Amino acid sequence: MMQDIKFTDPIDTSELSFEAFKAIVINDYRIAYESRQASLLGRKEVLTGKAKFGIFGDGKELPQIAMAKAFKKGDWRAGYYRDQTFAFAAGICTMKEFFAQLYANPSVEADPSSAGRQMNCHFATRSLNEDGTFKNLTEIRNSSSDISTTGGQMARLVGLAWASKLYRENPELHGLDQFSVNGNEIAFGTIGNASTSEGVFFEAVNAAGVLQIPMIISIWDDAYGISVPAKYQTTKEDISEVLRGFQRDESNAGLEIFKVRGWDYPALCEIYQQAADICRTGHVPIMIHVTEVTQPQGHSTSGSHERYKEKERLDWEREYDCLLQMRKWMIESAIFTEDEAQEIEQVAKKFVRDTQKEAWEEFLDGISVEKKEVVELVSALAAGYPSLKQLTMQLLNTADASRREIMSVARKALRATRNDQDNARTRLLEWYNEQMELNYERYNTKLFTDGVESPFQVDIVDPVYAEDGKMVDGREILNACFDANFARDKRLVAFGEDLGAIGDVNQGFAGLQAKYGELRISDTGIREMTIVGQGMGLAMRGLKPIAEIQYVDYLLYGLNVLSDDLASLSYRTKAGQKSPVIIRTRGHRLEGIWHSGSPISMILGSLRGLHICVPRNMTQAAGIYNTLFRSDEPALLIECLNGYRLKEKMPENVGDFTVPLGKAEVIREGADITVISYGSTLRIVEEAAEELMQMGISIEIVDPQTLQPFDTEQLCAKSLAKTNKLLVVDEDVPGGGAAFILQQVLEEQNGYYYLDAQPRTLTAKAHRPPYGSDGDYFSKPSADDVIEAVYEVMHNHNAAKFPAIFPGLT
């Protein structure tokens with residue numbers, strides 16, 4: 001087979017001979033033409049049923065070639081699913097890997113970007129070694145893992161670029177040579193013109209202008225967003241005109257803005273090289289608006305663009321197809337002849353076809369073996385089961401059977417023979433169990449990196465207290481914890497609204513910016529999406545960021561980035577990339593609709609892939625922070641908003657003691673009923689316990705401390721085995737966090753079998769709490785509510801001993 005695609009090379013006309021110049025340009029045309037053929041053939045593979053869906057980068061080949069010329073080792077990309085030509089030209093994806101991803105080959109070797117977990121054209125380089133530690137990222141042309149939400153990559157892009165600034169300007173980081181070479185790296189972002197309408201794009205552009213970071217945004221402008229033309233997308237139908245106010249000048253920092261046509265190869269090469277020079281040396285953010293881009297096959301394999309584009313537009317797109325324009329220019333410039341062009345094109349077509357066939361055959365190889373095995377095993381069972389004979393014949397006659405079809409036949413055979421215990425069935429069952437383990441590894445693993453730096457590998461260190469240890473405000477414990485860790489680890493940075501100068505609204509960082517400098521502890525504007533993205537990008541580049549969202553209520557404004565991007569990163573790359581950012585926030589009880597949030601069900605439902613930490617006080621929070629600072633997985637930690645001025649005893653080892661994730665704690669022993677709660681409501685439950693004791697009821701209180709992971713030692717079930725009764729107290733809405741806890745205890749921990757009474761939940765009301773203490777009392781669980789909920793469980797269990805408090809009421 002012909003060699004796979006060779007990298008594109010920069011063009012320096014001052015030093016190149018004409019022959020050398022010709023060789024580079026011809027190689028660029030070959031790469032672009034091969035990429036176009038991959039798009040055309042990829043579409044056919046979808047339409048013939050070999051692949052599920054296809055979305056390609058046809059029409060964007062030339063600007064992506066130009067961008068790849070400026071892309072160096074150590075640089076980063078945060079793009080979207082149109083960048084296949086760039087991926088080929090920069091060497092981050094081979095042609096065979098491109099087709100392996102199209103077929104969803106679940107092998108990391110076949111599809112290094114995602115091991116078949118992402119649809120095609122979602123590119124990622126593998127940043128991590130097998131043990132989860134970082135490779136030397138300065139030796140790699142890095143691509144952060146793509147997501148399908150077409151503007152979502154912009155938040156992460158800000159962090160990737162900001163890392164270069166921190167590595168350049170903070171001397172304490174200069175020894176981290178595997179992550180940066182004096183901050184010389186550029187973060188390249190790509191986005192379609194329609195997606196510039198999204199808020200995250202404007203947040204990212206504004207943040208880049210404020211931070212002055214080495215970031216180049218390329219906008220591929222084909223005048224549509226699927227079927228919706230630019231007149232419905234963008235004011236003036238021109239995003240670079242809209243953003244002219246961001247243009248830097250002699251008096252004010254800002255962005256440098258370029259505009260270039262997508263079919264003009266010489267101009268594209270010149271603009272990208274000029275932009276990269278400015279950006280790399282001066283850390284000036286750049287926007288390159290690439291106009292007059294075409295999309296020959298339409299948006300995707302889901303439909304044809306002939307349905308919504310007028311004839312005049314289609315005619316123009318055919319004439320100004322970038323490959324045709326480049327080919328014409330090359331012939332006119334005597335770079336190649338018509339015959340030479342045709343020869344290159346024929347060789348390219350054959351190369352792409354041959355590579356596609358090879359990728360398809362490799363995808364089928366393992367599945368074909370499984371098909372043969374299951375046919376043999378089921379056939380051995382088929383005597384007396386006509387339906388099984390039919391199943392095996394159907395499978396044999398399915399030319400390209402999928403793994404799903406093969407496993408379905410095995411399961412149907414096992415169900416049909418459930419009353420048999422012969423050797424043939426035993427062999428099939430053994431085969432099935434082996435395959436289920438293999439398929440779990442293929443499709444269900446690596447929600448977290450699970451490497452040597454996992455939080456579960458961190459040593460447990462208990463807090464140490466002096467006999468005469470001081471009682472201090474909870475905020476002082478946090479402050480001392482952060483101080484000790486920032487002194488210990490130079491990679492730690494923290495940022496957020498009001499975090500820097502005033503030390504956060506609750507003084508957890510008071511005085512620390514003055515001590516450690518603005519590069520390490522800084523304020524941000526009100527931009528939750530890019531706060532999260534800044535943290536994500538920094539963490540992907542080897543730093544240890546704390547990204548603060550001022551209140552958990554405001555997590556909503558960054559939830560798209562947290563859920564789509566951060567939470568899925570390890571899974572969608574099969575532990576090829578990680579981002580150990582800590583999202584710090586505060587919540588639970590305070591005052592009013594937007595400062596008393598406990599949206600735990602939203603968090604649990606959307607952030608699988610983050611550890612969810614809900615410490616009951618600031619000492620426990622400090623211990624969890626100490627664990628997270630020493631590990632490499634992302635987490636959300638919600639501090640108790642009403643706990644900063646409550647007194648706690650200061651540990652002597654405040655920066656070193658650790659609280660393990662997933663380890664629940666019994667904070668009060670009891671015999672009659674298990675009460676599970678977390679965060680701020682634990683103090684209310686403890687208050688209720690005193691009156692309940694006077695009523696003859698002994699409650700055992702369990703604090704899970706983290707909701708993801710939840711009680712890995714099954715302390716809740718052990719408590720329930722003792723008390724046989726259960727109440728879950730939660731500040732979330734009915735059916736929210738409490739329902740999750742019930743599922744974990746009753747189903748996962750088999751706690752159902754210990755129950756002597758109906759389990760109960762006590763939650764907040766369905767609405768957010770109104771302003772004021774009375775609003776809080778009537779909307780969220782109070783000590784009175786806990787007392788009466790516990791008592792009602794006891795009454796239902798033994799009405800004679802515990803007569804109803806409110807007879808006749810339901």
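Look a little higher up for the structure.
Residues numbered from 1 in each chain as written. Predicted model: local features only at pLDDT ≥ 70, side-chain atom pairs only at ≥ 80, totals over all residues. Heavy atoms only, no water.

Visitor: Even after reading the chapter, I still don't get the sheet that holds strand 21 (residues 726–729), so can you show me in this structure?
Guide: Within a beta sheet, neighbouring strands are joined by backbone hydrogen bonds and run either parallel or antiparallel to one another. As summarised here, the arrangement of the five strands in space is 17-19-18-21-22, forming an open sheet in which the pairing is mixed. This sheet does not close on itself; its edge strands, each paired only once, are strand 17 (665–668) and strand 22 (760–762). With strand direction ignored, the average angle separating the axes of adjacent strands in the sheet is 30°. Sheet topology places strand 21 next to strand 22; three bridges connect them, and they run parallel. Within the sheet, the bridge partner assigned to Val729 lies in strand 22 and is Leu762. (Pairing = 2+ DSSP bridges. Helix = DSSP H or I, 4+ residues; strand = E, 2+ residues; numbered from the N terminus. Axes fitted to C-alpha atoms, helices over the stretch in contact; angles between N-to-C directions.)

Visitor: Help me understand a nonpolar patch on the surface, please; the structure alone is not making it clear to me.
Guide: Together, Met695, Ile805 and Phe806 make up a nonpolar patch on the protein surface, roughly 250 Å² of accessible area in all. With respect to the helices and strands, the residue Ile805 is situated in the segment after helix 26 (783–797). With a relative accessible area of 38%, Ile805 lands in the partly exposed category. (Patch = residues over 30% accessible without salt bridge, like charges linked within 9 Å, V, L, I, M, F, W, Y side chains within 5 Å. Areas by Shrake-Rupley, 256 points an atom, 1.4 Å probe, with all protein chains shown as cover. Salt bridge = Lys/Arg side-chain N within 4 Å of Asp/Glu carboxyl O. Buried < 20%, exposed > 50% of the residue type's maximum accessible area, 1.4 Å probe, protein only.)

Visitor: Can you walk me through the nonpolar core in this structure?
Guide: Considering soluble globular proteins, one finds that nonpolar side chains tend to be buried as a cluster. If you look at the biggest cluster of nonpolar residues, it comprises 118 residues, and the most contacted ones within it are Phe201, Ile217 and Leu707. It is helix 5 (residues 153–169) that contributes the most residues to this core, ten residues altogether. Ile55, Trp220, Met326 and Val352 belong to the second largest nonpolar core, which has 91 residues in total. (Core = buried A, V, L, I, M, F, W, Y, C linked by side-chain atoms within 4.5 Å.)

Visitor: For this particular structure, what's the right way to read the side chain of Ser570?
Guide: Looking at the element boundaries, Ser570 is found in helix 19 (residues 569–572). On the basis of relative accessibility, which here comes to 7%, the residue Ser570 falls in the buried class. Within the structure, the side chain of Ser570 is placed 2.9 Å from the backbone oxygen of Lys446, a separation counted as a polar contact. Once residues lying within four places of it in the same chain are set aside, the contact partners of Ser570 are Lys446, Leu447, Phe448, Thr449, Ala575 and Gln577. (Polar contact = N/O pair within 3.5 Å; in protein donor to acceptor, adjacent residues only side chain to side chain. Contact = heavy atoms within 4.5 Å.)

Visitor: Got a minute to help me understand the side chain of Asp776 in this structure?
Guide: One can find Asp776 in helix 25 (residues 773–779). Since its relative accessible area comes to 15%, Asp776 is described here as buried. With near-sequence residues (within four places) excluded, Asp776 lies in contact with Arg589, Leu590 and Pro770.

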